[in-house]
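Residue strings, one per chain:
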Amino acid sequence: MNSKIYTTLEWHKITQALAKETATALGKQKALTLEPGNDRQQMEQSFAEIAEVERLDTEQKSLPLSPLEDISGALKRLDIAGTLNGKELALIMQLLVMSDALGRFFDELEGEDIQLPLLNHYGEQLQQLRKIRLELTRSIAPDGSVFDEASHELKRLRREIKRQTAQIRAQLERMVRTQSQLLTDQLITIRNDRYVLPVKVEYRHQFGGVVHDQSASGQTLYIEPASVQELNNDVANLRVAEHNEILRIYQELSEHLIPYVDDLTTNQRMIGQLDFIRAKYRFARQMHATRPTIAKDGRTLHFKQAIHPLLDPKIAVPNDIYYGADYDMLIITGPNTGGKTITLKTLGLIQLMGQAGLYLPTAPGSVLAVFDEIYADIGDEQSIEANLSTFSGHLTNIIHILEQVTSRDLVIIDELGAGTDPKEGAALGIAILNRLATEDAIVATTTHYPELKAYAFEHPKSMNASVEFDDETLSPTYRLLIGEPGRSNALEISRRLGLDPLIVEEAKGYLDQNSQDLNAMITELDEERQRYEASYQNLKGEMKQSEKLLRDLSKVYSNLQDHKQQYLEKARQEANAIVEKRREQADQLLSEIRNWQLNHPEGSTVKEHEIIAKQKDFEQLKEQKQLQNNKVLRRAKKKAHKNHTLTVGDEVKVIPYEQVGTLVEQRGSHQWVVQMGMLKMTLDEKDFVYQPTKNEPKQNHVTVHAHQAKNIHSDLDLRGMHYEEAMKALDTYIDQALLAGYPQVTIIHGFGTGVIRNGVQDYLKQNSRVEDFQYAPHNMGGNGATVVTFKH
């Protein structure tokens, strides 16, 4: 990218703002030296890295980065076997501590299954030099000083210095108490690293000792008493030894670091990169910037609700700026200070940001083009030193652009053709635009010339645009209107400001007809736009009302559906309760009928199978399903009856019982006797459907296929019942078990006196539907239960 574009669009302000978001020296250096490129892959990677930091922010996590100075100089000295000082060792220790914190941070992310492959790639390259890190943290303080524990010798020396110093202070404190009249102040101080007392100048000879300093007034002498001179000498020697020991420790630690210079260099580079990525996210968050999509063709550009990145987003007016298949040149017109130049700078600077891998200060869904070069001619190009006028400066710049431009470039020109005669300037502007169109470049330019407005109408690859001007307030709105040329407002503004209307009318007369026609056309287009915009706003409002109404209706409908299910469930429960109550009453009635039948066998007119059938009807009421009215079965029955004439021996499915039987006799025109196992029943044709066989040989008997009735178990427990009660229960159960299709059941009668057991076996001997019965196996009750097998 040419360097002039950075100056023209003030790129350095972007990099400086980005650098403020960094924490490390290397991260700041990366931010300040950031430049746009045209490598799509690198741009996508930068966007993806920012997105991963954004993911961390969403997870309420943050990279553990803190301020870190550049240690490149220290590493270079280590590379030549030099010795580092305390501050440099402290910086390397800080680097290693931060590397360790980052390593643990990425391990935690992996444990929580937070996938950040790009950031993790940098984290994996961090070298965890644990041994040397622990050695540094044990020896060096964050400010570069050396801890006592760095060596046994250092600890001994410092302990001895402390002891000797305490002796000196004790002697001097006694002197302060006993000779206070000789002192200007009762305190102990230090001069030239030796302990002294402030003595009045007139007592110099009386006090004795070595003078190390004098006060500014000359009234006080700082004297080292003779009694502590030897102790001070000892302390001085100890401090020299301490200094030498510290230098030895510096050298030893530096030697230990030399093998890890490459690892330390890598760690600093990775930490700087992570800091740089985090800074890009913070910069984006500060601007409310979003991630763009890179255009597949490299030329499509659509910045939605774009604002200049250096303006306050709270007051800046956002605008849509876009290029597509319909046009490559955008010619912007409008009044001065209306926002034309800032629109050009917004376009160029946002494009530079995108190609530098930064998020854009636009609305979501923006599309970024990729240009090889971005050329701009904006501002006053006059130069006194180069003997260039404004026009010459602009033209020199444009000549350079025309010599270099290709179809993969963006060209931005402010006030094309300005600075000379309007007619010639307009003609030159048209010719320059034609050359740029020939090169197929993407162009954005501003102008005041009506000829260029007309050019935009006539040229197939160009589009008019304007910055809006409010005629009522006589001020710009800074809104960009693509597709609509700007009109001259000079005469209207003059009239509104109070210029004599006669002068305004005279001025209009001097305008040529083409200019008047063009302004009239522009005015008409503007009025039409305002009408469409008003209609759009009305439709938008109506749409919002419709959406609100739809949400309200959906909510009401949802409530109704919820209540509907509640009401249905309540009704179902009430209906089942009623049916259950009637069933209990029916059971009692059937029980009474059966008792009557058992007590009067010779006079009984109620058939057993009819009792069971009625009982089954009552059971089906609880499910609220009337199979007789089932449409599917009716259609199946009609189809079967239609295709087949019923004859004796046909198999049919009895709908009320859901069983298969055989026709044995016809009674009347629509009634048949049906054999179901051991039972024979007279049924209407509407109660059964023909059941075709699949070429099976005729059997001499029909097996009843039935679903096991609800609540009918394969065993009956008679224990605790009286004899008569047990026999009634046994008789009812055997009938139900047969209809349920059980091949075998178990009657539990217990041991007791044997009365019920004998009664059960006597009943089974007389029942013709019983094939066999015997006591249960020992593990199933033995003689306390009887296993009954029915005939097939």
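The rules behind each value
- The residue count restarts for each chain, going from 1 along the sequence in the order it is written.
- Thresholds applied to this predicted model are a pLDDT of at least 70 for local features of residues and 80 or more for the giving and counting of side-chain atom pairs; totals over whole chains, interfaces and linings are not thresholded and use all residues.
- Side-chain measures were taken over the full set of non-hydrogen atoms in the model, leaving aside hydrogen atoms and water.
- Strand pairing is assigned whenever DSSP identifies at least 2 bridges connecting the two strands.
- Put simply, DSSP marks the helices as runs of H or I at least four residues long and the strands as runs of E at least two long, and each gets a number from the N terminus on.
- The axes are straight lines fitted to the C-alpha atoms, using for helices just the contacting stretch, and the angles between their N-to-C directions are given from 0 to 180°.
- By definition, residues are in contact when any of their heavy atoms lie within 4.5 Å.
- Note on classification: 1.4 Å probe, protein chains only; a residue is buried when its accessible area is under 20% of the maximum for its type, exposed when over 50%, partly exposed between these limits.
- For classification purposes, an angle smaller than 35 degrees is called roughly parallel, one larger than 145 roughly antiparallel, one from 65 to 115 roughly perpendicular, and anything else oblique.
- Handedness of a crossing is defined here by the sense of rotation of the near helix relative to the far one, left-handed for an anticlockwise turn of less than a right angle and right-handed for a clockwise turn.
- For this scheme, ten residues count as nonpolar: Ala, Val, Leu, Ile, Met, Phe, Trp, Tyr, Cys and Pro. Four count as charged, namely Asp, Glu, Lys and Arg, and the remainder, Gly too, count as polar.
- Note on ring pairs: Phe, Tyr and Trp rings are taken, using the six-membered ring of Trp, and paired if centres are within 6.5 Å. Classes follow the plane angle, with under 30 degrees stacked, over 60 edge-to-face and the rest tilted.

A. Spotlight on the sheet that holds strand β1 (residues 189–191). The antiparallel open sheet is built from four strands, whose spatial order is β1-β2-β4-β3. Each having just a single partner strand, β1 and β3 (210–214) make up the two edges of the open sheet. Strand-to-strand twist of the sheet, defined as the mean angle between neighbouring strand axes without regard to direction, takes the value 50°. As paired elements, β3 and strand β4 (residues 220–224) share four bridges and run antiparallel to each other. The residue bridging V211 from the neighbouring strand is I223, located in β4. Against the sheet, helix α11 (residues 229–257) makes contact with β2 (194–200), β3 and β4, and its axis sits at roughly 145° relative to β2, the strand it touches most.

B. Up close: unusual backbone geometry. Phi at A81 takes a positive value of approximately 65°, unusual for a residue other than glycine. Residue position: A81 is located in the loop between α5 (72–79) and α6 (86–111). Backbone geometry at D193 places phi at a positive 65°, although glycine is not the residue there. Mapped onto the elements of the fold, D193 is located in the loop between β1 and β2. A relative accessible area of 66% means that D193 is categorised as exposed.

C. A look at the packing of α6 against helix α8 (residues 130–139). Between α6 and α8, the least distance of the axes is 9 Å, while the angle of their chain directions is 130°. Relative to α8, the element α6 lies oblique. When you trace α6 past α8, the crossing you get is left-handed. Residue-level contacts link L89, I92, M93, L96, V97 and D100 of α6 to I132, R133, L136 and T137 of α8. Residues of the contact of α6 with α8, tallied by class, amount to seven nonpolar, one polar and two charged.

D. Structural detail: the sheet that holds strand β14 (residues 475–482). The six strands lie next to each other as β10-β11-β12-β8-β13-β14, forming an open sheet whose pairing is mixed. Unpaired on one side and paired on the other, β10 (373–377) and β14 mark the two borders of the sheet. Looking at each pair of strands side by side, their axes are set apart by 15° on average, direction ignored. Docked against the sheet, helix α13 (residues 340–355) engages β8 (329–333), β10, β11 (409–413), β12 (442–446), β13 (462–470) and β14, running at close to 155° with respect to β11.

E. Structural detail: the pairing of β13. Taking burial as the measure, the nine residues of β13 include seven buried ones, the bulk of the element. Direction of pairing for β8 relative to β13: parallel, over a ladder of five bridges. In the strand pairing of β13, L330 is matched with M463. When β13 meets β14, the two strands line up antiparallel, connected through five bridges. By the bridge assignment for β14, A465 is matched with I482.

F. Here's a closer look at the packing of aromatic side chains. Tallied over the entire structure, the rule returns four aromatic pairs. Seen from their ring centres, F47 and Y359 are 6.3 Å apart, and the 55° between their planes marks the pair as tilted. Pair noted here: F47 is in helix α4 (residues 40–58) and Y359 is in the loop between α13 and β9 (367–368), with a separation of 312 residues, a long-range link. Take F47 and Y359: they sit in the same class, and that class is buried. Taking the centre distance of 5.7 Å and the plane angle of 50° together, the rings of Y323 and Y327 count as tilted.

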